[in-house]
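Each chain is listed here by its residues.
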Amino acid sequence: MEKKRKIGVLGSGSGSNMQALLDAIEVGELAAEIVLVMSDNPDGYILERARQAGIPAEVIDCAGYQSKFPDHCQERVGKRLQEAGAEFVCLAGFMRLVKQPLLDVYGGKILNIHPSLLPHFPGLEAWRQAIDAGVAESGCTVHYVDAGMDTGPVIVQRQVPVLQGDTAETLHERIQEQEHIAYPEALKLVFAQSP
Ligand code: GAR
């Protein structure tokens, strides 16, 4: 039997990408186990989804900072992930920049999903950036995390056409459908490359 890889997930929002990973695990498509879910947003639905699935769910205390991810908080998160036995860390809608303290512990083992075809439209609300730029195509990217913003090596990309009449919201919805396919797909590739 394929060995189950242990994953920790960090998110800030609804957690639909985390759910997609759980669903892929459930149907036996992904040989993995989510061992810990952490959110910097105490109200993030991702925490509720985790609890419903019986997965430990914890709030990340960011010392009152709105968007910064202070070093000592990253150290603590790294420690909790290690204690939970996570081998890989998946950022799933996590809206703070991961830097050295966490990269020191999990370098090369942190993945992120981003709602554009990187290197296009890094940063916030990439779907809105695509609409504003008037491009004909956008999509999503799963990539390894390095110290930059949405800059690490790409693992999987999936294209999404921008349709006539698309708003930022309708485009984001269709990008999310592809994200939910791309994330499990990327993890399978990563697992195959790291026996
Ligand atoms: C996703 O679209 C993800 O790509 C995006 O946030 C959304 C989270 O949705 N992430 C970023 O923009 C990171 N730069 P979810 O909470 O339902 O998974």
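Preceding this paragraph is the structure being described.
What you are looking at is a predicted structure, and each value in this text was computed from that prediction instead of being measured.

Rules used in this analysis
Position labels on residues start from 1 in each chain and follow its written sequence. Selection of residues for local features in this predicted model requires a pLDDT of at least 70, selection of side-chain atom pairs for listing and counting requires 80 or more, and totals for whole chains, interfaces and linings are taken over all residues. Excluded from the side-chain calculations are hydrogens and water; all other atoms, namely the structure's heavy atoms, are used. Only DSSP runs of H or I reaching four residues or more are called helices, and only runs of E reaching two or more are called strands; each is numbered from the N terminus. For a compact globule the rule gives 2.2 Å times the number of residues to the power 0.38, and the radius of gyration it is set against comes from C-alpha atoms. Partly exposed describes any residue whose relative accessible area lies between the buried limit of under 20% and the exposed limit of over 50%, with all areas from a 1.4 Å probe on protein chains only and scaled to the type maximum. Accessible areas in this description were obtained via Shrake-Rupley with a 1.4 Å probe; residue shielding takes into account the shown protein chains only. Neither His nor the chain termini are counted; the positive set is Lys and Arg, and the negative set is Asp and Glu. To locate a charge, the coordinates of NZ of Lys, CZ of Arg, CG of Asp or CD of Glu are taken. A pair of strands counts as paired when DSSP detects no fewer than two bridges linking them. Place the viewer so that the strands point away; then a crossover is right-handed whenever the path from the first strand over the helix to the second strand goes clockwise. By definition, a salt bridge exists where a carboxyl oxygen of Asp or Glu is found within 4 Å of a side-chain nitrogen of Lys or Arg.

Chemist: Looking at this model, I keep getting lost on the overall build of the protein. Mind explaining?
Modeler: On a plain count of helices and strands, the protein comes out with 6 helices and 7 strands. Reading the secondary structure of the protein in the N-to-C direction produces β-α-β-α-β-α-β-α-β-α-β-β-α. Compactness check: the protein gives a C-alpha radius of gyration of 16 Å against a globular reference of 16 Å for 195 residues, within 12% of the reference. Scored against the burial criterion, the 195 residues of the protein give a buried share of 50%. Accessible surface, the protein as shown: approximately 9500 Å² in total, 50% of it carbon and sulfur. Here the protein contributes 17 positive and 26 negative side-chain charges, whose respective centroids are spaced 6 Å apart.

Chemist: Could you clarify how one ought to interpret the pairing of strand β1 (residues 5-11) in this entry?
Modeler: Along β1, 6 of the 7 residues are buried, which leaves the element largely enclosed by surrounding structure. Pairing between β1 and strand β2 (residues 32-39): 7 bridges, direction parallel. Bridging from a neighbouring strand, I7 pairs with I34 of β2. What joins β1 to β2 is helix α1 (residues 16-26), and the crossover it makes is right-handed.

Chemist: Could you clarify how one ought to interpret the pattern of salt bridges in this entry?
Modeler: Close approach of charged atoms allows side chains with opposite charge to pair. Going through the model one piece at a time under the given rule, you end up with 12 salt bridges. Here E83 makes a salt bridge to R80, at a shortest N to O gap of 2.5 Å. Of this pair, E83 and R80 are both found in helix α3 (residues 71-83), 3 residues apart, which corresponds to roughly one turn of the helix. Looking at R80, the relative accessible area reads 27%, which means it is partly exposed. Among the ionic pairs, E125 bridges to R128, the shortest N-O distance being 3.0 Å.

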